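One-letter residues, chain by chain:
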Amino acid sequence: MTWSDMSPLLWEATGKTAQMVAWSTLFTILFGLPLGVALVGTDRGGLFPAPVANRILGAVVNVGRSLPFIVLMIAVIPVTRLIIGTAIGTGAAAVPLTIGAAPFFARLVETALRGVGRDVVQAAQAMGASRGTIVAKVLLPEALPGLVAALTVTIVTLISYSAMAGVIGGGGLGDLAIRYGYQRFETGLMIVTVVVLVVIVQAVQSLGDAVSRRLTRR
């Protein structure tokens with residue numbers, strides 16, 4: 001297969017991968033960030049301590065993180081069909097991607113928030129700030145460099161997950177590698193696909209690291 005044959009396929013597959021990762025990143029933040037805040041807040045000594053709720057949330061997150069993604073994709077096919085109407089395609093792949101990444105991101109958010117000094121929170125409490133205000137204006141801003149780093153790691157993980165989504169017809173670079181590189185023995189295309197994935201991951205990681213360092217130096 002020549003470069004002129006590969007180029008349109010690579011552009012289309014890269015676009016689908018970007019679409020999958022973008023949508024799943026958005027929903028991972030929407031679900032994972034509040035979950036991470038809840039893990040910290042409901043812990044003993046947290047802003048709204050609730051040990052029983054904390055243990056339940058922790059168990060849910062641990063179960064979500066322990067499932068191999070390829071198993072998770074297959075297990076949630078009925079859920080994907082219920083939400084999207086189909087289990088095949090770029091949109092459908094965003095469902096298992098989000099379910100797989102949200103617990104992972106939540107744990108990283110928890111770690112970042114626990115790095116905020118206790119004295120900062122106590123000072124806000126002494127000034128009469130509400131719990132919601134402390135979360136929105138103290139915890140999250142103070143933990144922002146760590147949260148950016150957590151998001152960067154999560155996006156890189158989603159890129160690798162999106163490649164696996166090709167197994168169930170999710171489209172993107174993973175699907176291209178399987179259909180052409182593996183099933184049709186197009187080794188050259190397989191190598192180029194791997195190189196494109198590596199370049200994307202390096203770009204995302206470098207950008208995330210740069211933003212995190214800039215926020216740290218503020």
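Above this note sits the structure.
Source: prediction; values computed, not measured.

> Please clarify how the packing of helix α5 (residues 90–114) against helix α8 (residues 144–164) should be interpreted in this entry.
Packed helix pairs are characterised by how far apart their axes lie and by the angle those axes make with each other. α8 packs onto α5 with a crossing angle of 160 degrees between their chain directions and a minimal axis gap of 9 Å. Comparing their axes, α8 and α5 come out roughly antiparallel. When you trace α5 past α8, the crossing you get is right-handed. Where α5 abuts α8, its residues L97, G100, A101, F104, F105, L108, V109 and A112 lie against G146, L147, A150, L151, V153, T154, T157, L158, Y161 and S162. Split into classes, the residues belonging to the contact of α5 with α8 amount to 13 nonpolar, five polar and no charged.

> So what exactly am I meant to see when it comes to the nonpolar core here?
One broad trend across soluble globular proteins is that nonpolar side chains are buried collectively. L10, F69, L97, L176 and L189 are the most contacted members of the largest nonpolar core, which totals 22 residues. By residue number, the principal contributor to this core is helix α1 (residues 3–41), which donates five residues. Of all hydrophobic cores here, the second largest spans 17 residues; its members include V40, L47, L113 and V135.

> Help me out: how do you make sense of the packing of helix α7 (residues 131–142) against α8 in this one?
The N-to-C vectors of α7 and α8 enclose an angle of 65 degrees; their axes lie 5 Å apart at closest approach. Residues L140, P141 and E142 of α7 form the contact with α8, whose own contacting residues are L144, P145 and L147. In terms of residue class, the contact of α7 with α8 is made up of five nonpolar, no polar and one charged.

> Which parts of the structure should I look at to understand the layout of surface pockets?
Over the atoms rolls a probe the size of a water molecule, and in doing so it shows where empty space is left. As a volume, the largest pocket reaches approximately 300 Å³. The wall of the largest pocket is formed by 14 residues, among which F27, I83, A94, V95 and T98 lie closest to the centre. Mapped by element, the contributors of at least two residues to the lining of the largest pocket are α1, α4 (77–84) and α5. A per-element tally of the lining of the largest pocket places α5 first, with seven residues. Lining of the second largest pocket is provided by 17 residues; of these, V40, G45, L113, R118 and L139 occupy positions nearest its centre. Elements supplying a minimum of two residues to the lining of the second largest pocket: α1, α5, α6 (118–126) and α7. Take the lining of the second largest pocket: its biggest share by element is three residues, from α1. In terms of residue class, the lining of the second largest pocket is built from nine nonpolar, four polar and four charged.

So, how was this worked out
- Residues numbered from 1 in each chain as written.
- Predicted model: local features only at pLDDT ≥ 70, side-chain atom pairs only at ≥ 80, totals over all residues.
- Heavy atoms only, no water.
- Axes fitted to C-alpha atoms, helices over the stretch in contact; angles between N-to-C directions.
- Helix = DSSP H or I, 4+ residues; strand = E, 2+ residues; numbered from the N terminus.
- Parallel < 35°, antiparallel > 145°, perpendicular 65-115°, else oblique.
- Left-handed = near helix turned anticlockwise from the far one by under 90°.
- Contact = heavy atoms within 4.5 Å.
- Nonpolar A, V, L, I, M, F, W, Y, C, P; charged D, E, K, R; others polar.
- Core = buried A, V, L, I, M, F, W, Y, C linked by side-chain atoms within 4.5 Å.
- Buried < 20%, exposed > 50% of the residue type's maximum accessible area, 1.4 Å probe, protein only.
- 1 Å grid on protein atoms, 1.4 Å probe; cavity = no way out; pocket = protein on both sides within 12 Å on 5 of 7 lines; lining within 4 Å.
- Points joined across faces, edges and corners; volume = space filled by probe spheres on them.

As far as function goes, none of this settles anything; it's purely spatial.
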